[in-house]
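Given next are the chains, with one letter for each unit.
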Amino acid sequence: MMREAGEATGMPAARRAPPWEALSLVAPFLDAASLASASCVSTSWHAAFVADYLWARLCAQQYPSALALLRHLPDTAGDRRQQCSSSPSSRHSRLFALFRSASARSRALPPPRLALADVAFAVDILAAVTGESILSFAVAAAEACGVRNGAGLFLFGVDVGEHNAAIGPAGEWRVRWTAVRTGSRGVPAAAVVMMDAKVPAARAAGAVGFGGSGRGEAGVAAGLPAPGCGGARLEAEVVVELAGEERVVEKVRLGVLCQCRYVSADEGLRYLQHFLL
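Being a predicted model, the structure only gives us computed values, none of them experimental. (Residues numbered from 1 in each chain as written. Predicted model: local features only at pLDDT ≥ 70, side-chain atom pairs only at ≥ 80, totals over all residues. Heavy atoms only, no water.)

**Quick notes on the overall build of the chain**
Item 1. Regarding its fold elements, the chain presents eight helices and ten strands.
Item 2. Going through the 277 residues of the chain one by one, you find that 36% of them count as buried.
Item 3. When contacts within the chain are restricted to residue pairs at least 6 apart in sequence, those whose partners lie at least 24 apart make up 60%.
Item 4. A total of about 16300 Å² of accessible surface is found on the chain, and carbon and sulfur atoms cover 56% of it. (Helix = DSSP H or I, 4+ residues; strand = E, 2+ residues; numbered from the N terminus. Buried < 20%, exposed > 50% of the residue type's maximum accessible area, 1.4 Å probe, protein only. Contact = heavy atoms within 4.5 Å. Areas by Shrake-Rupley, 256 points an atom, 1.4 Å probe, with all protein chains shown as cover.)

What follows is the structure, given as structure tokens:
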């Protein structure tokens, strides 16, 4: 009887590679990332780790509702490009990858394509009845004095005391706030009205003299037009800080709110880009 190779020389026989069938025993214990990586090692490993039953089990564990969508996905099992790519090619693996990517997309929104440096604000405060201008100014958003700037809110304060503009003790007044993309060479400017609303006389009358300080504020909020993609209901807010019996305007604050909370600067810019880009 012939002896195994190595016995005649007293050397141990060379180790044999484990049978490929062992891969299918290991595969059920791997997570999705390990299965995807292992399927890229070789053709044999790809066949073992891309088996549809493995990914069906992962879908049932992590995204059970996704299984009802399986019949709506195209069958690309015969597509050679799928088998040669780094992505698993079974139907359940594609379903798993689809829902995993959905989870990743929901974690963070892309940064806005519009920057504060591209935006300016124009504000007009007018007598509601006569239309006479009480105070008008324009300011670059990046140059406006940010309020609570450390929180990164879409909230700005503009000192206007040098204008010595007084609203007066009586009468309604109107606020119009326009956001403008100033444009650049070859790109036209664009604008959107953020607010055009009346401030009741009683609101301004009650703003000054609270606590005997001779100072106070009056504000108004108005719903913003919904962007094309819908989304949460937003409001524009303008608050005017007043002083003295003549209600001299010392500062104007501009902001955007969602459910009574100021939105972040990025959220405000994402809203504006729907209208200005």
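Don't stop here, the text continues.
**Some thoughts on the confidence of the model for the chain**
Item 1. Mean pLDDT over the chain stands at 80; residues scoring 70 or higher make up 78%.
Item 2. Between residues 1–13, whose pLDDT stays under 50, and residues either more than four places distant or in other chains, the model counts three contacts. (pLDDT = per-residue confidence, 0-100.)

**Some remarks on the sheet that holds strand E2 (residues 133–140)**
Item 1. In space, the four strands of this open sheet follow the order E2-E1-E5-E6, with antiparallel pairing throughout. Across the chains shown, the open sheet's two edge strands, defined by having one partner strand only, are E2 and strand E6 (190–199). The sheet shows a mean angle of 10° between the axes of neighbouring strands, direction not considered.
Item 2. Taken strand by strand, helix H8 (residues 265–276) contacts strand E1 (119–127), strand E5 (173–181) and E6, and its axis lies near 115° from that of E6. (Pairing = 2+ DSSP bridges. Axes fitted to C-alpha atoms, helices over the stretch in contact; angles between N-to-C directions.)

**Points about the UniProt feature "domain: F-box" (unreviewed entry) in the chain**
Item 1. Those residues carrying the UniProt feature "domain: F-box" (unreviewed entry) are residues 21–60 in this numbering.
Item 2. Segment residues 21–60 splits into 72% helix and 0% strand. End C-alpha atoms: 25 Å apart. (UniProt positions renumbered as here; feature names shortened; annotations may be inferred.)

**Overview of the nonpolar core**
Item 1. Within the largest apolar cluster, 45 residues are counted, with the highest numbers of intra-cluster contacts made by Phe121, Trp177 and Leu272.
Item 2. When residues of this core are assigned to their parent elements, the largest contribution, six residues, is made by E6.
Item 3. Discounting chain neighbours no more than four positions away, the residues touching Leu272 are Leu114, Val119, Phe154, Ala179, Val192 and Met194.
Item 4. By size, the runner-up hydrophobic cluster in this structure holds 17 residues, among which are Leu35, Ala38, Phe49 and Phe96. (Core = buried A, V, L, I, M, F, W, Y, C linked by side-chain atoms within 4.5 Å.)

**Topic: helix H6 (residues 91–105)**
Item 1. Counted at 1.5 Å a residue, the expected span for H6 with its 15 residues is 21 Å, and the 21 Å between its end C-alpha atoms agrees.
Item 2. Looking only at H6, the buried set comprises His92, Ser93, Arg94, Leu95 and Phe96. (Expected span 1.5 Å × (residues − 1).)

**Looking at the pairing of E2**
Item 1. Relative to E2, E1 is paired through seven bridges, and the arrangement is antiparallel. Paired with Ala120 across the strands is Ala140, a residue of E2.
Item 2. Taken together, E1 and the strand that follows it, E2, pair antiparallel across an intervening segment of five residues, in which Gly131 is found at a positive phi of about 80°.

**What to know about the pattern of salt bridges**
Item 1. The final tally for this structure, using the stated rule, is five salt bridges.
Item 2. For Arg174, the salt bridge goes to Asp196, with nearest N and O atoms at 2.8 Å. Pair noted here: Arg174 is in strand E5 and Asp196 is in strand E6, with a separation of 22 residues, a long-range link.
Item 3. Judged by relative accessible area, which is 45%, Asp196 ranks as partly exposed. (Salt bridge = Lys/Arg side-chain N within 4 Å of Asp/Glu carboxyl O.)

**Considering H8**
Item 1. For H8, with twelve residues, the first-to-last C-alpha span of 16 Å sits near the 16 Å given by 1.5 Å per residue.
Item 2. Within H8 the residues assigned to the buried category are Ala265, Gly268, Leu269, Arg270, Tyr271, Leu272, Gln273 and Leu276.

**Comments concerning the environment of Gly244**
Item 1. With respect to the helices and strands, Gly244 occurs in the loop between strand E8 (234–243) and strand E9 (248–258).
Item 2. With 28 residues separating them along the chain, Gly244 and Gly216 place their C-alpha atoms 8.9 Å apart.

**Some details on the environment of Tyr63**
Item 1. With respect to the helices and strands, Tyr63 occurs in the loop between helix H4 (52–62) and helix H5 (80–84).
Item 2. When its relative accessible area of 14% is taken as the criterion, Tyr63 is described as buried.
Item 3. Tyr63 has contacts with Leu58, Phe96, Phe99, Arg100 and Ser103, leaving out every residue within four places of it along the chain.

**Details of unusual backbone geometry**
Item 1. For Asn164, which is not glycine, the phi dihedral falls at a positive 50°.
Item 2. Residue Asn164 is classed as exposed on the basis of its relative accessible area, which comes to 61%.
Item 3. In this structure, Gln259 is a non-glycine residue whose phi angle is positive, near 55°.
Item 4. Structurally, Gln259 can be placed in the loop between E9 and strand E10 (261–262).

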